[in-house]
Amino acid sequence: MGQAMFYHLTRSPLEAALPMLLARSLESGWHVVVRGTDAGRLDWLDQRLWTAGEESFLPHGLSGGPHDALQPILLTAGREAPNGAQCLMALDGAEVSPEEGLSSPLLATAQTQKAMIAASREVIVVADHAKLGQFSLYKVAPVTAITTLVTDDGADEKILDAFRRAGAEVIAVSTSG
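Predicted model, so just to flag it, every value in this text is computed and none were measured.

Peer 1: How would you explain the pattern of salt bridges if you had to name every residue and give the values?
Peer 2: Overall, the coordinates contain two salt bridges when judged by the stated rule. The partner of Arg 164 in a salt bridge is Glu 157, and the shortest N-O contact between them spans 2.8 Å. Looking at Arg 164, the relative accessible area reads 37%, which means it is partly exposed. You can call Glu 157 partly exposed: its relative accessible area is 45%. Measuring nitrogen to oxygen at the nearest pair gives 2.8 Å for the salt bridge that ties Arg 164 to Asp 161. Residue Arg 164 and its partner Asp 161 are located together in helix α4 (residues 157–165), separated by three residues, close to a single helical turn.

Peer 1: Outline the nonpolar core, listing residues and values.
Peer 2: Core analysis: the largest hydrophobic core is formed by 34 residues, its most contacted members being Leu 18, Leu 22, Val 34 and Phe 163. Broken down by secondary-structure element, the contributors of at least two residues to this core are α1 (14–27), β1 (32–35), α2 (39–50), β3 (73–76), β4 (87–90), β7 (138–141) and α4.

Peer 1: Which residues make up the sheet that holds strand β9 (residues 169–173), and what are the values?
Peer 2: Strand order in the open sheet formed by three strands is β6-β8-β9, with parallel pairing between adjacent strands. Here the strands that pair on one side only, and so sit at the sheet edges, are β6 (124–126) and β9. Sheet twist, expressed as the average angle between the axes of neighbouring strands with direction ignored, equals 15°. One ladder, built from three bridges, connects β6 with strand β8 (residues 148–152); its direction is parallel. Pairing of Val 125 across the sheet is with Leu 149, part of β8.

Peer 1: Just give me the short version of the packing of α1 against α2, but keep the residues and values in it.
Peer 2: A pair of packed helices is captured by two measures, namely the crossing angle of their axes and the spacing between those axes. The contact between α1 and α2 brings their axes to 11 Å, and the two run at 65°. As summarised for this structure, α1 and α2 are arranged roughly perpendicular, according to the angle between their axes. In the packing of α1 onto α2, the handedness of the crossing is right-handed. Where α1 abuts α2, its residues Leu 14, Glu 15, Leu 18, Pro 19 and Leu 22 lie against Arg 41, Trp 44, Leu 45, Arg 48 and Leu 49. When grouped by side-chain class, the residues that make up the contact of α1 with α2 number seven nonpolar, no polar and three charged.

Parameters at a glance
- Residues numbered from 1 in each chain as written.
- Predicted model: local features only at pLDDT ≥ 70, side-chain atom pairs only at ≥ 80, totals over all residues.
- Heavy atoms only, no water.
- Salt bridge = Lys/Arg side-chain N within 4 Å of Asp/Glu carboxyl O.
- Buried < 20%, exposed > 50% of the residue type's maximum accessible area, 1.4 Å probe, protein only.
- Helix = DSSP H or I, 4+ residues; strand = E, 2+ residues; numbered from the N terminus.
- Core = buried A, V, L, I, M, F, W, Y, C linked by side-chain atoms within 4.5 Å.
- Pairing = 2+ DSSP bridges.
- Axes fitted to C-alpha atoms, helices over the stretch in contact; angles between N-to-C directions.
- Parallel < 35°, antiparallel > 145°, perpendicular 65-115°, else oblique.
- Left-handed = near helix turned anticlockwise from the far one by under 90°.
- Contact = heavy atoms within 4.5 Å.
- Nonpolar A, V, L, I, M, F, W, Y, C, P; charged D, E, K, R; others polar.

Read these as geometric descriptors, not functional statements.
Right under this line is the structure:
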């Protein structure tokens, strides 16, 4: 992953922070997938989003319904994104795969990185293993754009294999000296 943005919910609970992030995403014209790990938790979140108040209405639905493709915000425990989401928000440790591409937490950074990638012959990503498998608000490029990934030897081999399958050379550097 290029960059990852983390929200450590120490001041606000999920039901307070997520609506703000979702509203920002909708203001940007994006469709969003909110990926969780537990269907019960997603049901709970669905109820909170519906009862947040008229001034903060967030059109959304739970996956598995007949109108998933039309939902501006889709809550799911799966990997699908039938609503054509430009933004993925992963909750409660939900997995994000390398196949989901490079992302950035800042729009200006994402735009700059897209321009740099478009003008480059090679894309070399240098990322600590903790950044791999994370996703931020702004998509920069698909994983297939990466020619070389340089990371540390703490990276999960499954994640590294996903980068290899996408065509990237993977260099894992020893951190033990």
